[in-house]
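Coordinates in review
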Amino acid sequence: MENDAGLVALVERARGGDPAAWESLYRRAYPRLLAYARRRLAPDDAAKDAVAETMARAVRGMPSYRGEGAGFDAWLAGIVRHVVLDAQRRRARKPASSLPAAWDASDGRDGAEDQLVREEEAGAVRAAFERLPEGDRELLELRVVLGLSAEEVADVLGKRAGAVRMAQAR
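Presented here is an overview of the structure given in this document.

The rules we used
Residues numbered from 1 in each chain as written. Predicted model: local features only at pLDDT ≥ 70, side-chain atom pairs only at ≥ 80, totals over all residues. Heavy atoms only, no water. Helix = DSSP H or I, 4+ residues; strand = E, 2+ residues; numbered from the N terminus. Buried < 20%, exposed > 50% of the residue type's maximum accessible area, 1.4 Å probe, protein only. Contact = heavy atoms within 4.5 Å. Areas by Shrake-Rupley, 256 points an atom, 1.4 Å probe, with all protein chains shown as cover. Phe/Tyr/Trp six-rings, centres within 6.5 Å; stacked < 30°, edge-to-face > 60°.

Further remarks concern the overall build of the chain. Along the chain, the regular secondary structure elements total eight helices and zero strands. Ordered by position in the sequence, the α and β elements of the chain form the string α-α-α-α-α-α-α-α. By residue count, 37% of the 170 residues in the chain fall in the buried class. Considering only intrachain contacts with a sequence separation of at least 6, the fraction spanning at least 24 residues in the chain is 58%. When the accessible surface of the chain is split by element, carbon and sulfur atoms take 53% of a total near 9800 Å².

See the structure below:
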C-alpha cells in the first residue's frame, strides 16, 4: 500500500478529475474489494458487479468526500459494504442457488494435491465463518479481507476501535 501522503495526493488528483489517478485508485483497491464482495456474494459475476458499482458510487460521491474520519480506504469500504448489503437484500427476495465463496482456493499454478489441500482448508474456513454471528463475520471480513485497520473498521461499523480489537480477539 502507498503511504498516507501518497494516497492523499492520489485522492486529490482523482477529485480533480485525473483519469490516471482514478485508475491507480481502482487498481489499488480492486483486489481487496473483490475479495470482500466474493465472500459476501455469489456468483463471481455478482461480486465483480458490486466492485464496479462501488467504484461508480465513489466517482459520483468524490465531490462530497472530505478525507475526514478514518480516510479513503474506510470510505471506500463503507461504499462496498452498502453495495453488498443492497445486493444481498435483492438476492433475499429471490431463491438462492449457491453459497458465497470464502477464499480463492487456488491460482491454478499448483499441482492437484496442493489444490485439493487448499480447497479443504478453504472449506474449513468457510464452515468456521458460517458459524460466526453476522456482525463478527463482517468485522473479520473488513479487517482481514479488506485489510482495514481497527480504526477504519470502527468508522465503517460505527463502533469504537477498542471494541473492534476486542471482537477480533474473541
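Structure's up, so let's keep going.
So, about the environment of Gly61. Relative to the elements of secondary structure, Gly61 occurs in helix α3 (residues 44–61). For Gly61, a relative accessible area of 16% corresponds to the buried category. In this structure the C-alpha to C-alpha distance between Gly61 and Ile79, which are 18 residues apart in sequence, comes to 9.7 Å.

Okay, the environment of Arg57 next. Mapped onto the elements, Arg57 comes out in helix α3. Taking the C-alpha atoms as reference, Arg57 lies 7.4 Å from Ile79; in sequence the two are 22 residues apart. Once residues within four sequence positions are removed from consideration, Arg57 is found in contact with Ile79, His82, Val83 and Asp86.

Evaluation of the coordinates by the stated rule reveals four aromatic pairs. On the basis of an interplanar angle of 40° and a centroid distance of 5.3 Å, the ring pair of Tyr26 and Tyr30 is categorised as tilted. With Tyr26 and Tyr30 both in helix α2 (residues 19–40) and four residues apart, the pair spans about one turn of that helix. When its relative accessible area of 35% is taken as the criterion, Tyr26 is described as partly exposed. Put simply, the rings of Tyr65, Phe72 and Trp75 touch in pairs and so form one group of aromatic residues.

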